[in-house]
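Listed below are the residues making up each chain.
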Amino acid sequence: MIHAITAAVLVLSVLMLAAAAIVGVVKIVRGPTSLDRVVAADLMVAVTIGAIGIWTVFKHTEVLLPVILVLSLVGYTGAAAVARLLDEKRPE
């Protein structure tokens, strides 16, 4: 019973991540501004982190947890850099 519930949750999670990835790719391709593309790229980093997390749960391993940590730090640093860049361009 538990394995069936876990499998259903994993499948549902993969489907939601796939939908988010499709939305992110569409926004990167069609985004009217570069800021939209940056936010969509940040979404793709989050989708990648989620996919690695699901893979880690599926394979019952902890090997990829440092990869998740590094990706989250890179995603945060990128978002903070874009926010700082936009703050500098804003008129006082």
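So, here is what we can say about the structure in this document.

### Re helix H2 (residues 34-59)
Item 1. With 26 residues, H2 should reach 38 Å at 1.5 Å per residue; the first-to-last C-alpha distance of 37 Å fits that figure.
Item 2. Count one or two residues on from H2 and you reach His60, which has phi positive near 55 degrees.

### Comments concerning the nonpolar core
Item 1. Ranked by size, the top nonpolar core spans 5 residues in total: Leu10, Leu17, Ala21, Val47 and Ile54.
Item 2. Contributions of two or more residues to this core are made by helix H1 (2-30) and H2.
Item 3. Considering every element that reaches this core, the biggest residue donor is H1, with 3 residues.
Item 4. Residues contacting Ala21, with those up to four places away along its chain left out, are Met44 and Val47.

### A word on unusual backbone geometry
Item 1. Positioned with a positive phi, His60 is a non-glycine residue whose angle comes to about 55 degrees.
Item 2. Its location among the elements puts His60 in the loop between H2 and helix H3 (65-89).

Cut-offs used in this document
- Numbers given for residues are sequential positions, taken from 1 along each chain in its written order.
- Only residues with pLDDT of at least 70 are given local features in this predicted model, and only at 80 or more are side-chain atom pairs given and counted; all residues enter the totals for whole chains, interfaces and linings.
- Excluded from the side-chain calculation are hydrogens and water; included are all heavy atoms of the structure.
- Strands here mean DSSP runs of E at least two residues long; helices mean DSSP runs of H or I at least four residues long; both are numbered from the N terminus.
- To estimate how far a helix should extend, the number of its residues minus one is multiplied by 1.5 Å.
- Among buried residues, the Ala, Val, Leu, Ile, Met, Phe, Trp, Tyr and Cys ones that are joined through side-chain atoms within 4.5 Å form a nonpolar core.
- For each residue, the accessible area found with a 1.4 Å probe, counting protein chains only, is set against the maximum for its type, and the residue is called buried under 20%, exposed over 50%, and partly exposed in between.
- In this analysis, two residues are considered to be in contact whenever any of their non-hydrogen atoms come within 4.5 Å of each other.

Geometry only, nothing functional implied.
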